[in-house]
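Chains, contacts and geometry: an overview
So you can see what is in the structure, the chains are spelled out below.
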Amino acid sequence: MSLDPTYVMIRNYREATGFTPLYTMTVEEARRADAATEAGSWNWHEHPEEVFDLTFAGPAGQVPVRVYRPQSDQPLPLLMYFNGGGFVVGSVATSDSICRALSSFAQCVVVSVGYRLAPENPFPAAIDDSYAALKWAAEHAAELGADGRRIAVAGDSSGGNVAAVMALRARDHDGPPLSAQVLVYPPLHSNLDSDSMREHKDPMFFNAYSSKWFWSLYLADPADGDSPYASPLSAADHSRLPAALIMTGELCPVRDEGRLYADALARAGVPAQYHEYEGLPHGFLAVSAKLQTGRDALRLIAEFLQERFESDDVLEPVAAAAGALR
């Protein structure tokens, strides 16, 4: 398992500049450090015509969302996006570049959700906010210029966990029907003793210690990890879920969780694609400005979404009221 050349350069730079793992910091220090790595707008693709921020009334106050909308005279499919950050760091700002790319490539409205963070707001706060956002966006799809009958969920890292949980919760509670779920290097079990978790402990990247630290802050009680809405891999039933695209990196500690989840979905009759990227650690989408493989992965996600959106029969046009919620 050799490290991709781009990540060799990243690793060398981090070693030379005294990189400090987030799990050795306080929560506030980790949030500041994570925000400092926020990617600027990528210049290698077109951007959606409109990007704007809104809030809506969530279960415990106002929930911020960021909306990305390409130019279109017709309602576009809707993608709910959930940022990574271990449920502790991260925001709509840190996932901005990814959302811009997906909105442009997949030609869909993207709603990025600023769910509450742990440890101040432990499980299930992030899940409650995100599910409220899913229902809100479905109800207001026309006002967003979107088609409420073509909705998918996606996320990277902890956001991949949230996306998987949204699919489970929507199924279990008669929520909005979903066309697809995209899970990028998702942590899907709070305490899985896997080969990949044992193998990957390099302090220059997200590793097994990172995973343990984030889960310890997300779960107020370790027993909460038994819930399928915390650990989707532990769900008793994976049937009747939307088709899935799952991506992991060969050198990622949660690699095996993604692979096992794809297997669980397939056994339950759910179409599931699994892609494992050679030589890459956790978080590779964020460096797509320098990593061609990251760009290719983003385009693959867009192609998968377009196929799933097109496979859903839309019987009659939905009138768009673009900009009504701005």
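Everything numeric here is computed off the predicted structure, so don't read it as measured data.

1. Some thoughts on the overall build of the chain
Summing up its helical and strand segments, the chain has nine helices and eight strands in all. Against the globule reference of 20 Å for 326 residues, the chain gives a C-alpha radius of gyration of 18 Å, in line with a compact fold. By principal-axis analysis of the C-alpha atoms, the chain measures approximately 55 × 45 × 35 Å. When burial is assessed residue by residue, the chain has 56% of its 326 residues classed as buried. Sequence-distant contacts in the chain: of pairs separated by 6 or more residues, those separated by 24 or more amount to 79%. By element, 49% of the accessible surface of the chain is carried by carbon and sulfur atoms, the whole surface being about 13,400 Å². Measuring between centres, the 25 positive side-chain charges of the chain sit 2 Å from its 42 negative side-chain charges.

2. Remarks on the packing of helix α3 (residues 96–106) against helix α9 (residues 292–311)
Two quantities define a packed helix pair, namely the angle between the helix axes and the distance between the axes. Direction vectors running N to C along α3 and α9 enclose 45°, while the axes themselves pass 9 Å from each other. Judged on the interaxial angle alone, α9 and α3 are oblique. Two packed elements cross with a definite hand, and for α3 against α9 that hand is right-handed. Here I98, A101, L102, F105 and A106 of α3 lie close against α9, whose contacting residues are L298, R299, I301, A302, L305 and Q306. Tallied by class, residues from the contact of α3 with α9 come to nine nonpolar, one polar and one charged.

3. Side note on the pairing of strand β4 (residues 109–113)
For β4, the tally of buried residues reaches five of five residues, placing the bulk of the element in the interior. Burial along β4 is two-sided: V109, V111 and V113 facing one way and V110 and S112 facing the other are all buried. Note that strand β2 (residues 61–69) and β4 share four bridges and pair antiparallel. Among the inter-strand pairings, V65 is bridged to a residue of β4, identified as V113. Bridging between strand β3 (residues 76–82) and β4 involves five bridges; their strand directions are parallel. Across the sheet, residue F82 finds its bridge partner in β4, namely V113.

4. Description of the packing of helix α4 (residues 125–139) against helix α5 (residues 158–172)
At a minimum axis separation of 10 Å, α4 and α5 run at an interaxial angle of 65°. Relative to α5, α4 is oriented so that their crossing is right-handed. Residues I127, D128, S130, Y131 and L134 of α4 form the contact with α5, whose participating residues are V162, V165, M166, R169 and A170.

5. Quick look at the sheet that holds strand β5 (residues 146–156)
Pairing is mixed in the open sheet, where eight strands are placed in the order β1-β2-β4-β3-β5-β6-β7-β8. The outermost strands of the open sheet, each flanked by one partner alone, are β1 (50–58) and β8 (272–277). Put simply, the sheet's adjacent strands are angled 20° from each other on average, direction ignored. Summarising the sheet, β1 and β2 pair through nine bridges and their orientation is antiparallel. Counterpart to E50 in the pairing with β2 is R69. The sheet strands contacting α3 are β1, β2, β3, β4 and β5, and the helix crosses β2 at an angle near 45°.

6. Here we look at the pairing of strand β7 (residues 243–249)
For a regular strand, side-chain orientation follows a simple rule: the groups alternate between the two sheet faces. With respect to burial, β7 is a largely interior element, seven of its seven residues being buried. Side-chain alternation along β7 places A243, L245, M247 and G249 on one buried face and A244, I246 and T248 on a second face that is also buried. Of the pairings in the sheet, the one linking strand β6 (residues 180–184) to β7 comprises five bridges and is parallel in character. Looking at β7, one finds that V182 is bridged to L245. Strand direction decides the pairing type here: β7 and β8, joined by six bridges, are parallel. Paired with M247 across the bridge in β8 is H275.

7. Overview of α5
Here α5 spans 21 Å end to end across 15 residues, near enough to the 21 Å set by a 1.5 Å rise per residue. Counting buried positions along α5 gives 14 out of 15 residues, so the element sits mostly inside the fold. Among the residues trailing α5, D174 stands out with phi positive, at a value near 50°.

8. Description of the nonpolar core
Of all hydrophobic cores here, the largest spans 64 residues; its most connected members are M80, F82, L134, M166, Y218 and Y261. If near-sequence neighbours (up to four positions away) are discounted, Y261 is found in contact with A164, L168, Q181, L183, L188, P232, L233, H238, L241 and I246.

9. Re the side chain of S194
By the secondary structure assignment, S194 is in the loop between β6 and α6 (195–199). Residue S194 is classed as buried on the basis of its relative accessible area, which comes to 5%. Side-chain polar atoms of S194 contact the side chain of S196, separated by 3.3 Å. Looking at S194, its side chain comes within polar contact range of the main-chain nitrogen of M197, at 3.1 Å. Non-local contacts of S194, meaning those with residues more than four positions away in its chain, are made with P253 and D256.

Rules used in this analysis
Residues numbered from 1 in each chain as written. Predicted model: local features only at pLDDT ≥ 70, side-chain atom pairs only at ≥ 80, totals over all residues. Heavy atoms only, no water. Helix = DSSP H or I, 4+ residues; strand = E, 2+ residues; numbered from the N terminus. Rg over C-alpha atoms; globule rule 2.2 N^0.38 Å. Buried < 20%, exposed > 50% of the residue type's maximum accessible area, 1.4 Å probe, protein only. Contact = heavy atoms within 4.5 Å. Areas by Shrake-Rupley, 256 points an atom, 1.4 Å probe, with all protein chains shown as cover. Lys, Arg positive; Asp, Glu negative; His and termini not counted. Charge placed at Lys NZ, Arg CZ, Asp CG, Glu CD. Axes fitted to C-alpha atoms, helices over the stretch in contact; angles between N-to-C directions. Parallel < 35°, antiparallel > 145°, perpendicular 65-115°, else oblique. Left-handed = near helix turned anticlockwise from the far one by under 90°. Nonpolar A, V, L, I, M, F, W, Y, C, P; charged D, E, K, R; others polar. Pairing = 2+ DSSP bridges. Expected span 1.5 Å × (residues − 1). Core = buried A, V, L, I, M, F, W, Y, C linked by side-chain atoms within 4.5 Å. Polar contact = N/O pair within 3.5 Å; in protein donor to acceptor, adjacent residues only side chain to side chain.

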